Amino acid sequence: MDRIMSRALVGYAPRLAATGFHPLDGARFLRDEHRADERLVRLVANHSFALLEAEERALVEVLEAEFPLLEEPRLVDALVYCDMTTTPDGERTTAEERVAEIVGRYGAESVVGRFIRRASPEIFTAVERVEAALEAQPR
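Residues numbered from 1 in each chain as written. Predicted model: local features only at pLDDT ≥ 70, side-chain atom pairs only at ≥ 80, totals over all residues. Heavy atoms only, no water.

Turning to helix 8 (residues 111–136), a few remarks are in order. Counted at 1.5 Å a residue, the expected span for helix 8 with its 26 residues is 38 Å, and the 37 Å between its end C-alpha atoms agrees. Along helix 8, the residues classified as buried are Val112, Gly113, Phe115, Ile116, Ala119, Ser120, Ile123, Ala126, Val127 and Val130. Buried residues along helix 8 sit in contact with helix 4 (50–56), helix 6 (73–84) and helix 7 (95–106). (Helix = DSSP H or I, 4+ residues; strand = E, 2+ residues; numbered from the N terminus. Expected span 1.5 Å × (residues − 1). Buried < 20%, exposed > 50% of the residue type's maximum accessible area, 1.4 Å probe, protein only. Contact = heavy atoms within 4.5 Å.)

Shown next as structure tokens:
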């Protein structure tokens, strides 16, 4: 339960929401208050194609300058998979259901709704790559 609550709060908590963009706010919190590992902070800042949402919010330059994308495609895909196959309360779901849930929660024409619809093809492809890699693992 603590992990679920932590996931829900990093970047969303009112005292952290300086920009209102949870990937950036959460990454800054981890970097500035917890001195978290740079790799982890960059993953948080850029999770699930956050750069596309940063475009919607006119924060691309800020995000790119503070937290450049990691050049570790497998790791990035794994984080997308974890984020997009888990509900906000920690239950398993499909990426399609997760995207629909996000659009439903925020509205199709909201900043988040526009972003998630733009990002969904890349999200689905990343999830498919992870699922294929998992299926290829010996059991």
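Now for the layout of surface pockets. Computed from the structure, the second largest pocket encloses a volume of approximately 240 Å³. Along the wall of the second largest pocket there are 13 residues; nearest its centre are Asn46, Phe49, Leu69, Leu70 and Val76. Only helix 4 and helix 6 provide two or more residues apiece to the lining of the second largest pocket. Considering each element in turn, the lining of the second largest pocket owes the most residues, 4 residues, to helix 6. For the lining of the second largest pocket, the residue count by class is 8 nonpolar, 1 polar and 4 charged. (1 Å grid on protein atoms, 1.4 Å probe; cavity = no way out; pocket = protein on both sides within 12 Å on 5 of 7 lines; lining within 4 Å. Points joined across faces, edges and corners; volume = space filled by probe spheres on them. Nonpolar A, V, L, I, M, F, W, Y, C, P; charged D, E, K, R; others polar.)

Glancing now at empty space enclosed by the protein. Counting across every chain of the model gives 1 cavity of 30 Å³ or more. Looking at the largest cavity, the residues that line it are Arg42, Leu43, Asn46, His47, Ser48, Leu69, Leu70, Val76 and Leu79. For the lining of the largest cavity, the secondary structure elements donating two or more residues are helix 3 (38–46) and helix 6. Ranked by the residues each element gives to the lining of the largest cavity, the list is headed by helix 3, at 3 residues.

This part is about the packing of helix 6 against helix 8. Closest axis-to-axis distance for the helix 6/helix 8 pair is 8 Å, and the angle between their directions is 105°. Considering their axes alone, helix 6 and helix 8 lie roughly perpendicular with respect to each other. Residue-level contacts link Asp77, Ala78, Val80, Tyr81 and Met84 of helix 6 to Ile116, Ile123, Ala126, Val127, Arg129, Val130, Glu131 and Leu134 of helix 8. For the contact of helix 6 with helix 8, the residue count by class is 10 nonpolar, no polar and 3 charged. (Axes fitted to C-alpha atoms, helices over the stretch in contact; angles between N-to-C directions. Parallel < 35°, antiparallel > 145°, perpendicular 65-115°, else oblique.)

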